[in-house]
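Now for the letters of each chain:
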Amino acid sequence: MEHNLREAGFFGTMEPEQMTAKYGSPVYVYNEGILRSRCRELKQMVTYPHFVIDYSIKANFNPALLQIVKEEGLEVDVMSPGEIYLAKMAGYEPNQIFYICNNVSEEEMCYAIEAGVTTSVDSLSQLEQYGRLNPGGKVAIRLNPGHGAGHHQKVVTAGKETKFGIDAEMLHEVKEILARHNLALIGLNQHIGSLFLDKEQYLKSVDSILNCAKEFPDLEFVDFGGGFGISYHKEDKKKRLDLKDLGKELDEIMYRFAEEYGREIIFRAEPGRYVTAESSVLLGTVTAVKNNHENKYIGTDIGFNVLMRPVLYDSYHEIEVYGKSVEMSGKKERVTVVGNICESGDILAKDRMLPSMREKDVIGVLDAGAYGHVMSSNYNGRLRPAEVLVKEDREVCLIRKRDTFEDLAGNYVLLP
Ligand SMILES: *Cc1c(COP(=O)(O)O)cnc(C)c1O
């Protein structure tokens, strides 16, 4: 990707300033071409014929984007009945949806069973619950391979210090519960964590899940998990996870396993971020420029209610400035870019060298397509932004309206 996305044609037929004027500021802008390329890279990463990519829709479940992902041949994994509902809205059939649940109620589990969606449970207690609700049914379990990976403690989802998965030591108890409720174990899955750029931990976990898989002769699939990383730091020219390289190793492992197991079962991976992160730029507007003691602050309308990742995980997002004055001066200065929420932690980017900005300049926050809009909220009574899509023919269309004050009032009930 070229450094300035406007010059690279990211925004199609419109200028960023026209987009904020038309759809409101801030606004999430997606690029269809980039989304499709990521899907295709994933589909083509191995030669093994029964390899399914499940897009983990919690990263971004806008149904219009899901329609594109579906056209590219990816299936989906979901975390809740609400996500099952949205996947169906985008045209997914129940057999293309994999429900990976964590500490869910009986109602939620029943919703998935009635919808005909394969469910994976992640504790003995939830396996018991599943058996009571759907005796004689088919089920998958999530294993904890005993080690994790990820960019921040909060996104490491396996290992001894997390709530996820069933320990491989407990397979004996798993078998007892399966037998008691006459359940067929059709799948094993795992997810070790988010955003790794180095394949080693992932391959290690593949090895451990396949060791467990040998103990269950009737599996339909083994799911290795997601977490495929992209580089949020453009200046160090690091690349996203090398899929070709990982795919080569996986191919070898999958063919070898199929031979030992006696059958070519289905293997799956479930990336979220890799699919959507780079397909979006979040546009916002500079509303104030000020010096407070030693620091220069750029005040914007991108509070953490719009993009939560920096506040939640100290995440880094590259920022581009699209104002006309910027191109003329070419000067850079050290600034801290903040939002409009009444909390001092509301920082989008700390101590960055950026072109000098003025009020009304439009800025772009890169790689905002995963864990961006889905985590937005109405905190401080603010409206969640619109989402627009730059199609492959470069035309721009609205795929989610901006909230209105009526939406904000939505579910409240006034006292008589
Ligand atoms: C969040 C999640 C994913 C996707 O993680 P990414 O880092 O976005 O690839 C996959 N599987 C499960 C179970 C998850 O919870």
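Everything numeric here is computed off the predicted structure, so don't read it as measured data. (Residues numbered from 1 in each chain as written. Predicted model: local features only at pLDDT ≥ 70, side-chain atom pairs only at ≥ 80, totals over all residues. Heavy atoms only, no water.)

**Student:** Any chance you could explain the overall build of the protein here in plain terms?
**Tutor:** Broken down by element type, the protein carries 13 helices and 18 strands. For 416 residues, the compact-globule estimate of 2.2 N^0.38 gives 22 Å, and the protein sits close to it at 23 Å. In terms of principal-axis extent, the alpha carbons of the protein reach across some 70 × 60 × 45 Å. Here the protein holds 416 residues, and 56% of them are scored as buried. Taking the contacts inside the protein whose residues are at least 6 apart along the sequence as the reference set, 70% of them involve residues at least 24 apart. (Helix = DSSP H or I, 4+ residues; strand = E, 2+ residues; numbered from the N terminus. Rg over C-alpha atoms; globule rule 2.2 N^0.38 Å. Buried < 20%, exposed > 50% of the residue type's maximum accessible area, 1.4 Å probe, protein only. Contact = heavy atoms within 4.5 Å.)

**Student:** Whenever I open this one, the packing of aromatic side chains confuses me. Can you help?
**Tutor:** Note on aromatic pairs: each is described by the distance of the centres and the angle between the planes. Counted according to the given criterion, the structure contains 14 aromatic pairs. Judged by centre distance (5.3 Å) and plane angle (80 degrees), the ring pair of tyrosine 202 and phenylalanine 228 falls under edge-to-face. Placement of tyrosine 202 in helix H8 (residues 200–213) and of phenylalanine 228 in the loop between strand E9 (221–223) and helix H9 (243–261) is noted, with a sequence separation of 26 residues between them. On the basis of relative accessibility, which here comes to 0%, the residue tyrosine 202 falls in the buried class. The exposure class of phenylalanine 228 is buried, given its relative accessible area of 1%. Pairwise contacts between aromatic rings join Tyr48, Phe224, Tyr255, Phe257, Tyr261 and Phe267 into one cluster. Between the NZ or CZ atom of arginine 268 and the centre of the ring of phenylalanine 221, over which it lies, the distance is 5.0 Å. (Phe/Tyr/Trp six-rings, centres within 6.5 Å; stacked < 30°, edge-to-face > 60°. Lys NZ or Arg CZ within 6 Å of the ring centre and 35° of its normal.)

**Student:** Can you walk me through the environment of tyrosine 48 in this structure?
**Tutor:** Looking at the secondary structure, you find tyrosine 48 in the loop between helix H2 (32–43) and strand E2 (51–56). Placed 206 residues apart in sequence, tyrosine 48 and methionine 254 show a C-alpha to C-alpha distance of 7.2 Å. Tyrosine 48 has contacts with Asp251, Met254, Tyr255, Ala258, Glu264, Ile265 and Phe267, leaving out every residue within four places of it along the chain.

**Student:** Just checking my understanding: could you explain the nonpolar core for this structure?
**Tutor:** Within soluble globular proteins, side chains that are nonpolar generally end up buried alongside one another. Core analysis: the largest hydrophobic core is formed by 102 residues, its most contacted members being Met45, Ile141, Phe224, Phe228 and Phe267. The element that contributes the greatest number of residues to this core is H9, accounting for eight residues. Among the domains, domain 1 (4–29 + 278–401) and domain 2 (32–277) are the pair contributing at least three residues each to this core. Not counting residues up to four positions away in its chain, the partners in contact with phenylalanine 224 are Gln190, Tyr202, Val206, Ile209, Leu210, Leu250, Met254, Phe267 and Arg268. Counting residues in each nonpolar core, the second largest holds 18 residues, with Tyr23, Ile34, Leu283 and Tyr322 among its members. (Core = buried A, V, L, I, M, F, W, Y, C linked by side-chain atoms within 4.5 Å. Domains from an automatic or database assignment.)

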